[in-house]
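So you can see what is in the structure, the chains are spelled out below.
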Amino acid sequence: MRKLLLLSTIAFVGLVFIARLFYLQVYNEDPYSLLDDNAIRKVYDYPKRGYIYDRNGKLLVANQPSYDVMFIPREVKPLDTLELCNLLKITKEDFINFYEKAYRYSPRLPSVFIPQLSRMEYAVLQEKIRKYEGFYIQKRSLRDYQTTIGANVLGDIGEVNNYIIENDPYYKSGDLIGKQGVELSYEEVLRGVKGIKFTQKDRFNRDIGPYKDGIYDTLPEPGKDITITIDSELQEYGELLMRHKHGGIIAIEPSSGEIIAMVSAPSYNPNLLVGRQRSRNFTKLYNDTIAKPLFDRSLKAQYPPGSPFKVLSALIGLQEKVVTTQDQFSCRHGYYLGNRRLTGCHSHASPLSMNQGIAQSCNAYFVNVYRRIIDKYAKPAEGMDVWSNHVKSFGLGDYLGYDLKIGNKGRVPDGAFYDKWYGENRWSSTYNISNAIGQGEVETTPIQLANMVAAISNRGFYYTPHIIKSIEGEEIDEKYTTPNYTTIDKEHFEPVVQGMFDVYNGGTAYSLRVPGIDICGKTGTAENFMRIDGKRTQLTDHSIFVAFAPKDNPKIAIAVFVENGYWGSRFAGRIASLMIEKYIRGEITMTAMENWILTHSLEDEYAKPYSGKEFGINRQSALQVIDKITKDTVVNPLSTRPSPFK
Amino acid sequence: MQRDFRGLNFDWITIALFLLLVGFGWLNIMSASHSGEVTSYFDMNHPYGKQSVFIIFTFFLIILILALDAKFYERFASIIYFISILSLLGLFVFGKNVNGALAWYSIGGMTLQPSEFAKFATSLALAKYISDLQTNMKTFKDQIKAAGIIVLPAVLILLQNDAGSTVVYAAFFFVFYREGLQQIYLVIAVFLILLAVLALKFNVVVAVLVAAVLIFGHHFFGQRKRPQIIQPIAILLACIAVAFGIKYFYNNILQFHQKDRISIWLRLESDPDKLHEMKQTILYNLNESEKAISSGGLTGKGFMQGTRTTGKFVPEQHTDYIFSTVGEEWGFLGSALVVLLFVALLLRILYLAELQKSQFSRVYGYCVASLLFFHFLINIGMVMGLIPTIGIPLPFFSYGGSALWAFTILLFIFVKLDSNRINEW
């Protein structure tokens with residue numbers, strides 16, 4: 001017995017040790033990965049981010065070096081603090097603050113002392129930095145916008161957030177990623193692939209040398225340059241015209257679906273979101289909940305389209321063979337059902353056939369056509385579905401599929417929509433005649449409207465709108481080069497196009513015609529409401545205009561939308577005509593029209609709902625005349641503040 | 001006739017296990033202590049180079065030990081013990097203080113740690129005393145005398161502030177037990193450990209309750225002839241006193257770092273913030289060592305490929321924490337092999353000890369097995385977080401000349417004694 005005690009204790013301890021080893025090494029262990037090993041430092045080598053060019057090859061976005069002042073707290077020797085603070089334009093308190101924060105993080109590791117100096121500051125500091133032991137300058141690459149326009153198109157880059165880091169292993173804390181616009185859409189193309197270098201560290205986090213002589217290291221792959229479809233001159237002109245207005249412009253080349261201008265107003269200078277001031281400026285832009293400069297109205301603003309939608313009613317009527325171009329409808333300042341007036345109308349000749357119906361934008365005419373479409377079928381829901389399918393074939397009611405990451409679906413009601421609302425079969429076409437004139441439950445975004453016009457100008461098809469023109473050495477997605485056909489036969493388009501042409505020749509946009517250019521257009525006015533102190537209050541109508549030109553072989557299709565601009569030709573129509581002339585002719589001959597736009601502001605109108613006072617709308621709103629604005633007029637409050645370093 | 005075989009009579013299995021451990025140990029020391037290129041295996045700027053020299057010197061020691069007559073060790077056991085005690089006493093005058101322990105002689109750039117050598121000296125003296133015909137280990141008087149042989153060096157070492165090396169002397173309990181110490185001491189020892197753990201982990205009340213259940217359970221159901229009730233009550237009162245004593249000892253006598261080690265071992269700290277802070281400070285070594293071992297996985301990262309070893313994340317890795325290198329670079333397979341090698345060596349020594357005809361050889365063999373086992377238990381247990389941190393080397397594995405030589409002498413005296421077992425005296 002006495003012999004067994006030590007023997008069994010040894011055997012027992014041996015077993016316990018092996019069990020413990022098994023638990024630690026086999027049972028409890030995640031598969032080993034070099035990337036997760038905190039004994040190995042991973043140093044990333046960031047490639048050059050791709051440049052962005054406009055459709056004419058003009059460089060819009062490049063890169064600029066930026067300089068971080070770095071320091072290693074433990075290596076800092078006593079120094080002339082005051083002089084360094086003056087050089088860096090910081091206070092002594094800041095200095096002590098930064099130093100102590102970094103020291104707490106690690107006395108041995110480099111920390112950023114002052115991030116992102118400009119070239120100017122760097123030049124001054126460069127010669128003197130060696131006087132300060134422990135400090136050095138590290139170069140980084142930032143975006144350099146060669147332009148002040150197109151913030152909503154180009155977007156910006158910023159540090160990745162935690163959500164992305166957790167979900168995409170490519171990104172590490174501190175990496176930059178496209179946040180908006182094409183920077184976001186083409187992030188993977190522009191960023192390239194970063195290289196990685198593995199370095200063995202010791203327990204004090206110091207580097208001891210390359211891990212396994214660098215056999216796992218990779219070289220960075222530079223990002224690709226891209227060309228976008230924007231015409232920067234037209235874009236700039238559009239942004240100029242939209243100053244002091246809220247709204248959006250989308251211009252599309254119908255023969256390709258390329259977006260040649262995409263204006264959202266108010267906008268901001270993209271340079272505001274570069275480097276050191278980015279977060280401060282972003283917060284300011286983000287907090288401006290009245291002007292909402294970060295809200296891209298050209299892609300996201302969803303409103304009833306108003307009268308431009310009437311041309312669809314005409315097309316569907318012809319396709320469904322419920323109306324001919326010769327059929328006439330009378331209008332008694334509105335559409336009457338028995339003695340009840342369902343919708344009003346303005347003064348014009350009566351009765352009207354299709355051509356003048358479009359040119360004069362007669363509400364009664366289109367309500368008649370709409371009712372015939374719906375009533376053609378036994379059940380209203382059936383008719384509604386047919387109508388809805390035709391409308392949707394123009395790219396309305398759903399995401400268009402363009403290559404920018406934001407947007408709205410819009411809304412195109414179908415039979416089920418009203419069945420749910422009123423009960424099955426408990427409604428008829430008279431319940432929703434407003435849809436005929438784009439005012440009922442129909443809602444669209446500016447880009448959807450522009451695309452609809454492009455489809456009409458092409459007489460029955462459209463290319464999915466897109467912002468990418470070419471990627472260095474790569475084909476663009478096939479989706480953008482395949483036509484989408486509408487459900488309307490080609491021959492029905494000609495009379496409708498003629499009607500839109502006559503909008504300019506004696507119709508509602510007569511005053512907007514541009515000599516020498518055959519423009520087809522359609523005015524629109526949309527009622528809109530806002531909740532003020534919990535009360536639904538009507539505001540001045542939105543001014544809407546769609547157009548394309550020339551009438552044959554169209555080069556540009558455009559949708560303009562100006563918040564609270566009142567009737568269609570007042571603001572939106574003028575802007576559309578000027579944009580078309582600028583694009584087709586390359587210069588402006590309509591100087592009076594241009595002057596009018598550049599001297600009229602809507603800022604007063606936008607201030608009304610926030611004034612807290614009673615206010616009048618539409619007819620009771622006065623035009624606000626301002627000094628003529630030019631390209632150099634600074635309108636953005638953020639950009640008027642001088643940068644501390646420029 | 002058998003005299004002719006004297007030269008070949010050694011237990012080659014023991015020697016082979018010894019060589020495997022020393023060789024594998026050296027590889028791991030190299031891995032844990034190199035910095036970049038290994039230019040020479042005898043590079044005296046690095047521990048692995050010095051260890052190479054230590055190992056070569058070891059072979060001279062082995063030859064010397066095996067060349068001496070087996071009788072020499074028994075005859076001179078007392079003198080060796082006496083010299084060893086003198087060397088420990090000398091430390092108080094000539095010793096060099098390293099990390100707070102006055103445990104080293106510094107001789108021309110070399111350091112020697114006499115407490116390492118005291119282990120085999122004590123073993124020899126103990127074997128000699130127990131094997132004396134006058135000695136009867138079943139008597140209390142002789143037990144006390146034998147204990148005195150152990151306590152003397154242990155106290156000297158403790159006074160030099162080297163508590164780790166002192167703990168090792170508890171290993172001789174196994175020898176006492178084998179040679180006749182009453183069973184009641186084993187029961188008391190186990191009972192005391194249980195009482196201490198319960199009192200510290202929970203509280204005195206729990207410890208006393210458990211003790212009461214065991215004592216009265218034994219009193220009423222465990223014995224055929226029941227003694228007077230006064231006996232279990234007296235034992236229980238003693239238990240209460242001991243439990244309070246342990247609590248007092250823990251709170252007031254132990255030094256802070258010793259207290260912390262016990263608190264970590266028993267997982268007494270539950271505040272996550274405090275625990276996090278501990279991981280950065282007193283738990284740092286253990287934490288890094290466990291991480292290194294875990295990261296080895298089944299097969300390890302390969303010789304000289306351990307990232308945490310190369311980065312020197314585990315302090316003292318080539319000495320007390322050498323086993324974490326094995327864990328990281330050789331994985332579960334390699335570390336389990338090392339454990340098995342040790343178990344095999346220990347069992348082999350035990351087996352041989354039981355075969356000895358002379359009591360001196362048997363007791364000495366038992367001392368060797370017990371001492372090696374204690375180092376194995378405490379060192380590997382500590383590196384894996386099973387035992388409170390006690391800084392003692394892993395025999396044959398850890399870097400260091402004194403320890404390597406002392407363990408070699410300890411082992412090879414037994415190899416020599418064993419080779420002589422079938423010879424006539």
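Quantities reported herein were computed from a predicted structural model and do not represent experimental measurements.

## Considering the overall build of chain A
Part 1 of the argument: Helix and strand counts for chain A stand at 22 helices and 22 strands.
Part 2 of the argument: In chain A, of all internal contacts separated by at least 6 residues, the share reaching a separation of at least 24 is 71%.

## So, the overall build of chain B
Part 1 of the argument: Counting secondary structure elements, chain B contains 18 helices and three strands.
Part 2 of the argument: Split into buried and exposed, the 425 residues of chain B put 43% on the buried side.
Part 3 of the argument: Considering only contacts in chain B between residues 6 or more positions apart, those separated by 24 or more positions represent 68%.

## Points about the nonpolar core
Part 1 of the argument: With 124 residues, the main nonpolar core has A:Ala251, A:Ala450, A:Val453, A:Ala547, A:Ile558 and A:Met579 as its most contacted residues.
Part 2 of the argument: Setting aside residues up to four positions removed in sequence, A:Ala547 forms contacts with A:Val453, A:Ile519, A:Cys520, A:Gly521, A:Ile558, A:Ala576 and A:Ile580.
Part 3 of the argument: A:Ala39, B:Phe18, B:Ala70 and B:Phe396 belong to the second-largest nonpolar core, a separate cluster that totals 104 residues.

## Looking at the interface of chain B and chain A
Part 1 of the argument: Each partner contributes residues to the interface: chain B has 35 residues there, and chain A has 29 residues.
Part 2 of the argument: If you list the elements that add at least two residues to the side of chain B that touches chain A, you get helix H8 (172–178), helix H14 (284–295), helix H15 (307–310), helix H16 (322–355) and helix H17 (359–383) of chain B.
Part 3 of the argument: At eleven residues, the largest contribution of residues to the side of chain B that touches chain A is made by H16(B).

## Let's talk about the confidence of the model for chain B
Residue and element names in this part refer to chain B.
Part 1 of the argument: Mean pLDDT over chain B works out to 87, with 97% of the residues at or above the 70 mark.
Part 2 of the argument: Between the elements of chain B, mean pLDDT differs from a low of 75, seen in helix H13 (residues 272–280), to a high of 95, seen in H17.
Part 3 of the argument: Quick note on the complex model: pTM equals 0.66, ipTM equals 0.91.

## Some words on the sheet that holds strand E12 (residues 258–265) of chain A
Residue and element names in this part refer to chain A.
Part 1 of the argument: The strand order across the open sheet built from five strands is E12-E11-E20-E19-E18, with neighbouring strands paired in antiparallel fashion. Single-partner strands in this sheet number two, and they are E12 and strand E18 (520–532). With direction set aside, neighbouring strand axes in the sheet form an average angle of 10 degrees.
Part 2 of the argument: Inspection of the sheet shows strand E11 (residues 247–253) paired to strand E20 (residues 556–562) by six bridges, in the antiparallel sense. Its bridge partner being in E20, Gly248 is matched across the sheet by Phe561.

## Description of the packing of H14(B) against H16(B)
Residue and element names in this part refer to chain B.
Part 1 of the argument: As a packed pair, H14 and H16 sit with axes 6 Å apart at the nearest point and diverge in direction by 25 degrees. Compared by their axis directions, H14 and H16 come out roughly parallel. Handedness of the crossing formed by H14 with H16: left-handed. Touching Ser289, Ala292, Ile293 and Ser295 of H14 are Ser324, Gly327 and Glu328, all from H16.
Part 2 of the argument: Of the residues that constitute the contact of H14 with H16, the class distribution is two nonpolar, four polar and one charged.

## Overview of the environment of A:Cys331
All names here are of chain A.
Part 1 of the argument: Mapped onto the elements, Cys331 comes out in the loop between helix H12 (310–319) and strand E13 (334–337).
Part 2 of the argument: On a C-alpha basis, the gap between Cys331 and His346 in space is 9.4 Å, while along the polypeptide they are 15 residues apart.
Part 3 of the argument: Those residues in contact with Cys331 that sit more than four places away from it in its chain are Cys345, Ser350, Leu352, Cys362, Ala364 and Tyr365.

## Digging into the sheet that holds strand E1 (residues 96–98) of chain B
All names here are of chain B.
Part 1 of the argument: Taken in spatial order, the three strands make up an open sheet running E1-E2-E3, and their pairing is antiparallel. Two strands lie at the open edges of the sheet, namely E1 and strand E3 (110–112), each paired on one side alone. Sheet twist, expressed as the average angle between the axes of neighbouring strands with direction ignored, equals 50 degrees.
Part 2 of the argument: Here three bridges tie E1 to strand E2 (residues 101–107), and the two strands are oriented antiparallel to one another. Its bridge partner being in E2, Lys96 is matched across the sheet by Trp104.

## Section: unusual backbone geometry
Part 1 of the argument: With an omega of -5 degrees, the peptide bond running from A:Ser350 to A:Pro351 counts as cis.
Part 2 of the argument: The residue A:Asn553 is not glycine, and still its phi comes out positive at about 45 degrees.
Part 3 of the argument: Tracing the sequence through the fold places A:Asn553 in the loop between strand E19 (535–549) and E20.
Part 4 of the argument: By C-beta crowding, A:Asn553 is classed as exposed, having 8 other C-beta atoms within 10 Å.
Part 5 of the argument: Although it is not a glycine, B:Met304 sits at a positive phi angle of roughly 65 degrees.
Part 6 of the argument: Following the sequence through the fold, B:Met304 ends up in the loop between H14 and H15.

## Here we look at the environment of B:Gly23
Residue and element names in this part refer to chain B.
Part 1 of the argument: Topologically, Gly23 is positioned in helix H1 (residues 12–33).
Part 2 of the argument: Owing to 12 C-beta atoms within 10 Å, Gly23 belongs among the exposed residues under this scheme.
Part 3 of the argument: C-alpha separation for the pair Gly23 and Phe397, spaced 374 residues apart in sequence, amounts to 8.3 Å.

## Details of the pairing of E12(A)
Residues and elements named next belong to chain A.
Part 1 of the argument: In terms of burial, E12 is a largely internal element, eight of the eight residues being buried.
Part 2 of the argument: Two elements, E11 and E12, share seven bridges in a ladder whose sense is antiparallel. Pairing of Ala251 across the sheet is with Ala261, part of E12.
Part 3 of the argument: Between E11 and E12, which pair antiparallel in sequence order, lie four residues; one of them, Gly257, sits at a positive phi of approximately 80 degrees.

Criteria and thresholds
- Residues numbered from 1 in each chain as written.
- Chains lettered and ligands numbered in written order.
- Predicted model: local features only at pLDDT ≥ 70, side-chain atom pairs only at ≥ 80, totals over all residues.
- Helix = DSSP H or I, 4+ residues; strand = E, 2+ residues; numbered from the N terminus.
- Contact = placed C-beta atoms within 7 Å.
- Buried ≥ 20, exposed ≤ 12 C-beta atoms within 10 Å, placed from the backbone.
- Core = buried A, V, L, I, M, F, W, Y, C linked by C-beta atoms within 7 Å.
- pLDDT = per-residue confidence, 0-100.
- Pairing = 2+ DSSP bridges.
- Axes fitted to C-alpha atoms, helices over the stretch in contact; angles between N-to-C directions.
- Parallel < 35°, antiparallel > 145°, perpendicular 65-115°, else oblique.
- Left-handed = near helix turned anticlockwise from the far one by under 90°.
- Nonpolar A, V, L, I, M, F, W, Y, C, P; charged D, E, K, R; others polar.

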